[in-house]
Amino acid sequence: ATATAAAAAAAAIALLYVLVPPPRALKPQPPLSPVCASGGVPLLGHALDFVKGPVYMVTKLRARYRGMFTVRIATQRITFMIGPEAQRSFIKATDKELDQSAVYKFTIPVFGPGIVYDSSLDERLQQVKMLVHSMNTASLQAMVPK
């Protein structure tokens, strides 16, 4: 039974090794990125710590790195910004420093290609101005038949 479990674990690790890109294949972090937390398991990063207890993991890392740090969970990076000081740089960042389009790619099927987050920054800013004026409560209520 233990030999079977060991073989299954080895097969799972081999499968993960094939499916998950090595850390050097991850895109480099932008220059304004917070410190990337050390530790974790090769290939998985802090995934096991996160699954075991995310609150404990974040509390432990916050004590070490203060209010802003990034962890790697498998192939993803997750950045924690805890407290007003850590969030200030995020809130005050310009669109050129902190591009929102990568996060909002899921809106492309909603708005269509080339619209809002699938457009250049200049086009996006013009489109957002138009959307703000047309998507307010009064405009939306006017579109509903009575």
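Note that the structure is a prediction, hence the values are computed from the model and not measured.

J.: Go over the overall build of the chain, please, and point to the residues and values.
T.: Summing up its helical and strand segments, the chain has 7 helices and 2 strands in all. Helices (α) and strands (β) of the chain occur, in sequence order from the N terminus, as α-α-α-β-β-α-α-α-α. Per-residue burial for the chain yields a buried fraction of 22% across its 146 residues. Taking the contacts inside the chain whose residues are at least 6 apart along the sequence as the reference set, 44% of them involve residues at least 24 apart. Put simply, the chain shows about 10900 Å² of open surface, and 66% of that area lies on carbon and sulfur atoms.

J.: So, the side chain of R124: which residues are in play, and what are the values?
T.: Among the secondary structure elements, R124 is positioned in helix 6 (residues 121-134). Residue R124 is classed as buried on the basis of its relative accessible area of 6%. Discounting residues that sit within four places of it in the chain, R124 has contacts with D99, Q100, S101, V116, Y117 and S119.

J.: Which residues make up the nonpolar core, and what values go with them?
T.: With 11 residues, the main nonpolar core is built from A37, L44, A47, M57, V58, L61, Y65, F69, V71, I73 and F80. For this core, the secondary structure elements donating two or more residues are helix 3 (54-65) and strand 1 (68-73). When residues in this core are grouped by element, the largest group, 4 residues, is from helix 3. In contact with F80, other than residues within four places in its own chain, are M57, V58, G67, M68, F69 and V71.

J.: So what's going on with unusual backbone geometry? Which residues, and what values?
T.: Unlike most non-glycine residues, R66 shows phi in positive territory, near 70 degrees. Following the sequence through the fold, R66 ends up in the loop between helix 3 and strand 1. Classification of R66 by relative accessible area gives exposed; the value is 68%.

J.: Quick rundown of the packing of aromatic side chains? Include the residues and the values.
T.: In the structure shown here, the tally under the stated rule is 2 aromatic pairs. Between Y65 and F69 the ring centres are 6.2 Å apart and the planes differ by 35 degrees, which places this aromatic pair in the tilted class. With centroids separated by 5.4 Å and ring planes inclined at 25 degrees, the aromatic side chains of F69 and F80 adopt a geometry described as stacked. One end of the pair, F69, is in strand 1; the other, F80, is in strand 2 (residues 76-81), with 11 residues separating them in the sequence. Of the two residues, F69 and F80, both sit in the buried class. Within the aromatic cluster, the residues linked to one another by ring pairs are Y65, F69 and F80.

J.: Which residues make up the pairing of strand 1, and what values go with them?
T.: A regular strand places its side chains so that they alternate between the two faces of the sheet. Most of strand 1 sits inside the fold, with 5 of its 6 residues counted as buried. Inspection of the sheet shows strand 1 paired to strand 2 by 6 bridges, in the antiparallel sense. Its bridge partner being in strand 2, F69 is matched across the sheet by F80. The hairpin formed by strand 1 and strand 2 contains 2 residues between the paired strands, and A74 there has a positive phi angle of roughly 55 degrees.

J.: Residues and numbers for the environment of S101, please.
T.: Note on placement: S101 falls in the loop between helix 4 (84-92) and helix 5 (108-111). Note on S101: relative accessible area 9%, which makes it buried. Remark: the alpha-carbon pair of S101 and R124, spanning 23 residues in sequence, is separated by 9.4 Å.

J.: Residue-level account of the pattern of salt bridges, with values.
T.: If you walk through the whole model with that rule in mind, you get 1 salt bridge. Taking the shortest distance from any N to any O, the salt bridge between E85 and R88 comes out at 2.7 Å. With E85 and R88 both in helix 4 and 3 residues apart, the pair spans about one turn of that helix. With relative accessibility at 59%, the residue E85 sits in the exposed group. Of the residues examined, R88 reaches a relative accessible area of 41% and is grouped as partly exposed.

Definitions and limits used
- Residues numbered from 1 in each chain as written.
- Predicted model: local features only at pLDDT ≥ 70, side-chain atom pairs only at ≥ 80, totals over all residues.
- Heavy atoms only, no water.
- Helix = DSSP H or I, 4+ residues; strand = E, 2+ residues; numbered from the N terminus.
- Buried < 20%, exposed > 50% of the residue type's maximum accessible area, 1.4 Å probe, protein only.
- Contact = heavy atoms within 4.5 Å.
- Areas by Shrake-Rupley, 256 points an atom, 1.4 Å probe, with all protein chains shown as cover.
- Core = buried A, V, L, I, M, F, W, Y, C linked by side-chain atoms within 4.5 Å.
- Phe/Tyr/Trp six-rings, centres within 6.5 Å; stacked < 30°, edge-to-face > 60°.
- Pairing = 2+ DSSP bridges.
- Salt bridge = Lys/Arg side-chain N within 4 Å of Asp/Glu carboxyl O.

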